Amino acid sequence: QVQLVESGGGLVQPGGSLRLSCAVSGSIFSFSAMNWYRQAPGKERELVAGIPTGGFPRYADSVKGRFTISRDIALKTVSLQMNSLKAEDTAVYYCNVLSNRGMNYWGKGTLVTVSS
């Protein structure tokens, strides 16, 4: 069974920083992509950042220049460094991985609240 566990969420003031981490465990040993999504209250889930295997990171326009995604395939972790946070970044952030076999896995999410 594959599990994804996010950590690092919390309350931060506008302009502050947070680092989210996601640890993947279980029977998954190859990835086609590792991603971070978010869902704000009343809105649909959206892709924030992702890294396809063998490709380059991609970001939503709203976070370009502020967020950085990184991964360690060997350790099966993916992280999201979030700087210059804004109130509109408030959301539940979900880790997502796609296996080379086409399986799609999700974490339970971690809440990020940006407020003064």
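Residues numbered from 1 in each chain as written. Predicted model: local features only at pLDDT ≥ 70, side-chain atom pairs only at ≥ 80, totals over all residues. Heavy atoms only, no water.

Focus on the overall build of the protein chain
The helix and strand inventory of the protein chain stands at 0 helices and 11 strands. When the elements of the protein chain are put in sequence order from the N terminus, they spell out β-β-β-β-β-β-β-β-β-β-β. Here the protein chain has a C-alpha radius of gyration of 14 Å; the compact-globule value for 116 residues is 13 Å, and the two agree. Each principal axis of the C-alpha atoms in the protein chain carries an extent, and together these give about 40 × 25 × 25 Å. Here the protein chain holds 116 residues, and the buried ones make up 39% of them. In the protein chain, once contacts between residues fewer than 6 apart in sequence are set aside, the share between residues at least 24 apart is 52%. A total accessible area of about 6,300 Å² is found for the protein chain, and carbon and sulfur atoms account for 52% of it. Separation between the mean location of the 12 positive side-chain charges and that of the 7 negative ones in the protein chain comes to 6 Å. (Helix = DSSP H or I, 4+ residues; strand = E, 2+ residues; numbered from the N terminus. Rg over C-alpha atoms; globule rule 2.2 N^0.38 Å. Buried < 20%, exposed > 50% of the residue type's maximum accessible area, 1.4 Å probe, protein only. Contact = heavy atoms within 4.5 Å. Areas by Shrake-Rupley, 256 points an atom, 1.4 Å probe, with all protein chains shown as cover. Lys, Arg positive; Asp, Glu negative; His and termini not counted. Charge placed at Lys NZ, Arg CZ, Asp CG, Glu CD.)

Observations concerning the nonpolar core
Nonpolar side chains tend to gather and get buried jointly when the protein is soluble and globular. Ranked by internal contacts, the top residues of the largest apolar core, which has 30 residues, are Val24, Trp36, Leu80, Met82 and Tyr93. Counting residues per element, the ones that place at least two in this core are strand S3 (18-25), strand S4 (31-39), strand S5 (46-52), strand S7 (67-72), strand S8 (77-82), strand S9 (91-99) and strand S11 (110-114). Excluding anything up to four places from it in sequence, Met82 contacts Gly16, Ser17, Leu18, Leu20, Arg66, Phe67, Tyr93 and Val112. (Core = buried A, V, L, I, M, F, W, Y, C linked by side-chain atoms within 4.5 Å.)

Structural notes on the sheet that holds S3
Whenever strands of a sheet pair, they do so through backbone hydrogen bonds, lying parallel or antiparallel. Spatial ordering of the open sheet is given by S1-S3-S8-S7, a layout of 4 strands whose pairing is antiparallel. What marks the edges here is a single partner per strand, and that holds for strand S1 (3-7) and S7. Geometrically, the sheet is characterised by an average inter-axis angle of 15° between neighbouring strands, direction not taken into account. Where S1 lies against S3, 5 bridges are found, and the strand directions are antiparallel. Bridge pairing links Ser7 to Ser21 in S3. (Pairing = 2+ DSSP bridges. Axes fitted to C-alpha atoms, helices over the stretch in contact; angles between N-to-C directions.)

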